[in-house]
Amino acid sequence: MSRKYLLDQSRMPLFDAIRKFSAWDPAPFFIPSHKMGGGIDPRWKDVVGEEIFRMDLSEVRWTDDYHGASSSILEAETLAADAWGAARTRFLVNGTSSGIIASICGTCGEGEEIIIPRNAHKSAVYGLVLSGAVPVYVQPEVVGTQRIRDGLLPGGFGGGQFSKEPVESVSDRLPEGLIGGLSPEALAAALGAHPAAKAVFAVSPTYHGVISDLARLAELAHAHGLPLIADEAHGNHDYFSDRLPQGALDLGCDLVCQSTHKMSGSLTQSSMLHIGHGAETSGRVDFERVNRGLSLTQTTSPSYLLLASLDVARSYIATEGERILNGVLDALGEVRAEISGAPAILGPNGNTGVFGIADSSGSFGIPGICVLGSELVGSYDIYAYEPLRLVITAKGLGLSGYELFRILREEYGVEAEFGDPVYCVCLAGLGTTRAHGNKLAAALREISARFVHTDSVAQNKTSPCVLPSQDRRPVPLSCALPALPPMVTTPREAWFAPKERVPFAEAVGRVSGELVVPYPPGIPVLCPGERITPEVHDFLRWRQAENCHLHCSAGDTLETILIVR
């Protein structure tokens with residue numbers, strides 16, 4: 001691999017410090033209460049053993065101070081910066097959400113504008129609430145839709161929302177609604193219309209694996225003296241194999257928030273925030289201000305199990321990641337080939353793309369089922385595609401992504417990451433094996449045999465994703481969000497404004513006082529301060545009827561909603 005390190009990546013200073021303290025075996029007159037496992041229920045220890053509890057420590061001898069690191073934690077963070085190619089790195093114990101919030105608070109203040117795509121995670125909205133920043137939304141491309149080229153979409157606050165017309169280069173076989181990349185042209189238009197903006201925010205890769213042209217986005221932001229914040233929660237592994245797309249830090253991003261637990265093997269909830277080279281010296285990022293944001297968003301009682309897992313995961317992926325990731329890519333290539341009925345094709349940046357590719361006989365491997373890949377690259381501002389996920393649609397069988405997700409889980413013992421109206425997302429990682437892939441492929445083949453209409457397959461060899469079985473209802477065309485509702489007040493103003501609870505059925509035309517978020521993937525449909533339009537209302541009612549899990553005060557029932565008085 002071309003990646004070179006300046007430091008010895010086999011070292012694990014924080015993990016070693018914790019092990020040293022555990023072996024020292026002191027009289028434990030310190031928090032936590034279980035005293036290195038002595039107070040843990042034996043039934044739990046029978047399952048997981050005792051050593052893990054001896055390592056559940058606080059700020060004790062050798063383990064350093066998380067909020068004022070000077071020894072083992074600082075060494076571990078320095079090694080992480082070297083591994084990912086950052087100038088500085090901070091470990092996060094409250095997930096990537098805390099890094100996103102701190103990045104927004106560290107670059108934007110009350111009433112200052114930030115250019116942000118509408119498909120940002122809900123944690124970005126929390127960053128707007130805490131900072132008081134005003135969002136200028138840029139609408140990413142959506143497959144199969146027509147939008148105003150480089151223009152304002154009506155109903156915006158602080159200047160509106162920008163988008164451009166998509167390039168028509170993806171086959172009509174692609175189901176509508178996939179949210180594409182953030183357009184450099186749309187960002188340029190937003191920057192021109194909002195010269196006082198303080199930062200730019202990007203999501204790349206998305207939950208569906210879409211990667212934007214971060215190098216060009218960074219170039220545009222830097223030309224205006226602005227930092228580019230990248231939500232790279234799903235791309236932190238991309239630095240460790242030449243067969244993967246380039247990472248955000250390598251492409252010039254200034255603040256990069258990564259979910260190490262999602263893709264690089266640390267424990268759930270542990271993440272990292274990286275500061276890119278040149279971000280501080282250029283004046284685009286004030287590290288101390290970002291650090292203050294982290295103090296606001298991080299617990300004062302950090303889990304040293306989480307911190308140690310970041311140290312160990314960094315060492316493992318830096319020293320063994322290329323070998324492991326290439327093995328996973330090979331295994332996924334076989335699954336893709338089986339689904340498509342054609343050999344895996346090596347696409348741009350090493351991505352395999354086998355969506356809708358027929359074999360020499362003109363038939364498809366698993367009729368009615370398709371998997372996305374690098375054939376998407378070049379359209380809808382999709383610059384690259386992240387291949388460690390199988391984004392599958394069974395729309396050709398008359399199955400929504402929700403239904404496919406539930407069938408895989410309940411009938412075949414395959415637990416996918418999530419389903420949406422069109423796609424079921426199966427997320428691979430360092431521990432993915434060929435056996436996992438074989439089980440998924442076998443399940444998909446059985447599902448196809450159950451639901452496919454064979455006569456339709458024979459007549460539609462070139463279009464496996466448009467074969468609705470005659471005995472099933474039509475599948476919704478799109479998983480895209482509805483048109484952006486008008487923003488009446490900023491998220492912060494609405495968050496702290498007096499509110500009342502009303503029946504959701506009576507909420508059309510009122511101003512929302514809360515977030516309403518289908519989860520996963522965690523993209524808000526309605527933000528605080530936005531007017532509830534009929535389109536948004538109908539969309540949420542439909543998602544609720546589809547048994548989509550919703551993050552809002554009323555939960556999945558969505559019987560009521562908080563509105564601004």
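Residues numbered from 1 in each chain as written. Predicted model: local features only at pLDDT ≥ 70, side-chain atom pairs only at ≥ 80, totals over all residues. Heavy atoms only, no water.

Participant: A description of the overall build of the chain should follow, citing residues and the corresponding values.
Facilitator: When its secondary structure is counted, the chain shows 16 helices and 19 strands. Going through the 565 residues of the chain one by one, you find that 60% of them count as buried. Here the analysis covers contacts within the chain between residues at least 6 apart in sequence; of these, 72% occur between residues at least 24 apart. Split by element, the accessible area of the chain, about 21,400 Å² in all, is 53% carbon and sulfur. (Helix = DSSP H or I, 4+ residues; strand = E, 2+ residues; numbered from the N terminus. Buried < 20%, exposed > 50% of the residue type's maximum accessible area, 1.4 Å probe, protein only. Contact = heavy atoms within 4.5 Å. Areas by Shrake-Rupley, 256 points an atom, 1.4 Å probe, with all protein chains shown as cover.)

Participant: Give me the lowdown on the sheet that holds strand β11 (residues 370–371), citing residues and values where you can.
Facilitator: Pairing is antiparallel across the open sheet formed by four strands, whose spatial order is β11-β13-β15-β14. Taken across any chain shown, the strands that pair with only one partner, and hence form the sheet edges, are β11 and β14 (418–419). Bridging between strand β13 (residues 389–393) and strand β15 (residues 423–427) involves five bridges; their strand directions are antiparallel. Its bridge partner lying in β15, Ile-392 is registered against Cys-424. Sitting on the sheet, helix α11 (residues 304–340) is in contact with β11 and β13, with an inclination near 15° to β13. (Pairing = 2+ DSSP bridges. Axes fitted to C-alpha atoms, helices over the stretch in contact; angles between N-to-C directions.)

Participant: Residue-level account of the pairing of β13, with values.
Facilitator: When you tally the buried positions in β13, you get five out of five residues, the bulk of the element. Burial of β13 is two-sided: the residues Arg-389, Val-391 and Thr-393 facing one way and the residues Leu-390 and Ile-392 facing the other way are all buried. Strand direction decides the pairing type here: β11 and β13, joined by two bridges, are antiparallel. Counted as the bridge partner of Val-371 is Ile-392 from β13.

Participant: Break down the pairing of strand β3 (residues 134–138) for me, with residues and values.
Facilitator: Along β3, five of the five residues are buried, which leaves the element largely enclosed by surrounding structure. Burial along β3 is two-sided: Val-134, Val-136 and Val-138 facing one way and Pro-135 and Tyr-137 facing the other are all buried. Across five bridges, the pairing between strand β2 (residues 113–117) and β3 is parallel. When the sheet's bridge partners are listed, Ile-114 is paired in β3 with Pro-135. For the crossover from β2 across helix α6 (residues 122–131) to β3, the handedness is right-handed. (Right-handed = clockwise from strand over helix to strand, strands pointing away.)

Participant: Tell me about helix α16 (residues 534–545), and please be specific about residues and values.
Facilitator: Under the 1.5 Å per step criterion, the end-to-end length of α16 is 16 Å for 12 residues, consistent within 8% with the ideal 16 Å. Burial in α16 covers these residues: Val-536, His-537, Phe-539, Leu-540 and Arg-543. Burial along α16 is one-sided: seen end-on, the buried residues are contained in an arc of 165°. Exposed positions of α16 whose direction lies more than 90 degrees from the buried face are Pro-534, Asp-538 and Ala-545. Positioned one or two residues after α16, Asn-547 has a phi angle of 65°, which is positive. (Expected span 1.5 Å × (residues − 1). Arc of directions from axis to C-beta.)

Participant: Tell me about the pattern of salt bridges, and please be specific about residues and values.
Facilitator: Under the counting rule described, the total for this entry stands at 19 salt bridges. The shortest N-O distance in the salt bridge between Arg-216 and Glu-219 comes to 3.1 Å. A residue pair is termed a helical-turn pair when its members lie 3 or 4 positions apart in one helix, as Arg-216 and Glu-219 do in helix α8 (residues 214–223) at three residues. Classification of Arg-216 by relative accessible area gives partly exposed; the value is 34%. Between Asp-330 and Arg-243 there is a salt bridge, with the nearest N and O atoms lying 3.0 Å from each other. Here Asp-330 is found in helix α11, whereas its partner Arg-243 is found in the loop between β8 (228–231) and β9 (255–258), with 87 residues between them in sequence. By relative accessible area, Arg-243 is classed as partly exposed at 25%. (Salt bridge = Lys/Arg side-chain N within 4 Å of Asp/Glu carboxyl O.)

Participant: Please provide a residue-by-residue account of the packing of aromatic side chains, values included.
Facilitator: This structure, assessed with the given rule, holds 10 aromatic pairs. Ring geometry for Trp-44 against Phe-53: centres 4.9 Å apart, planes inclined by 75°, an arrangement best described as edge-to-face. Classification of Phe-53 as buried rests on a relative accessible area of 6%. Through successive ring pairs, a cluster of aromatic residues spans Phe-21, Trp-24, Phe-30 and Trp-62. Taking NZ or CZ as reference, Arg-61 lies 4.9 Å from the ring centre of Trp-24, over its face. Lying over the aromatic face of Tyr-66, Arg-90 brings its terminal NZ or CZ to 5.4 Å of the ring centre. (Phe/Tyr/Trp six-rings, centres within 6.5 Å; stacked < 30°, edge-to-face > 60°. Lys NZ or Arg CZ within 6 Å of the ring centre and 35° of its normal.)

Participant: Describe helix α5 (residues 95–105), naming the residues involved and giving the relevant values.
Facilitator: Of all the 11 residues making up α5, 10 are buried; the element is thus mostly covered by neighbouring parts of the structure. All of the buried residues along α5 are Gly-95, Thr-96, Ser-98, Gly-99, Ile-100, Ile-101, Ala-102, Ser-103, Ile-104 and Cys-105.

Participant: Before we move on, can you summarise unusual backbone geometry with the specific residues and values?
Facilitator: Cis geometry is found at the peptide bond from Ile-31 to Pro-32, where omega equals 15°. Along the chain, Pro-32 turns up in the loop between α1 (13–24) and α2 (42–48). Following Ser-204, the chain continues to Pro-205 via a peptide bond in cis, the omega torsion being 0°. Of note, the phi angle at Gln-269 is positive, near 95°, even though the residue is not glycine. Its location among the elements puts Gln-269 in the loop between α9 (260–263) and β10 (271–275). Residue class for Gln-269 comes out partly exposed when judged on its relative accessible area of 40%.

Participant: Mind laying out the packing of α5 against helix α10 (residues 287–297), listing which residues take part and the relevant values?
Facilitator: Between α5 and α10, whose axes approach to 8 Å, the crossing angle comes to 135°. Relative to α10, the element α5 is oriented oblique. In the crossing of α5 with α10, the sense of the turn from one axis to the other is right-handed. In this structure, α5 contributes Ser-98, Gly-99, Ile-101, Ala-102 and Cys-105 to the contact, and α10 contributes Arg-289, Val-290, Gly-293, Leu-294 and Thr-297. By residue class, the composition of the contact of α5 with α10 is five nonpolar, four polar and one charged. (Parallel < 35°, antiparallel > 145°, perpendicular 65-115°, else oblique. Left-handed = near helix turned anticlockwise from the far one by under 90°. Nonpolar A, V, L, I, M, F, W, Y, C, P; charged D, E, K, R; others polar.)

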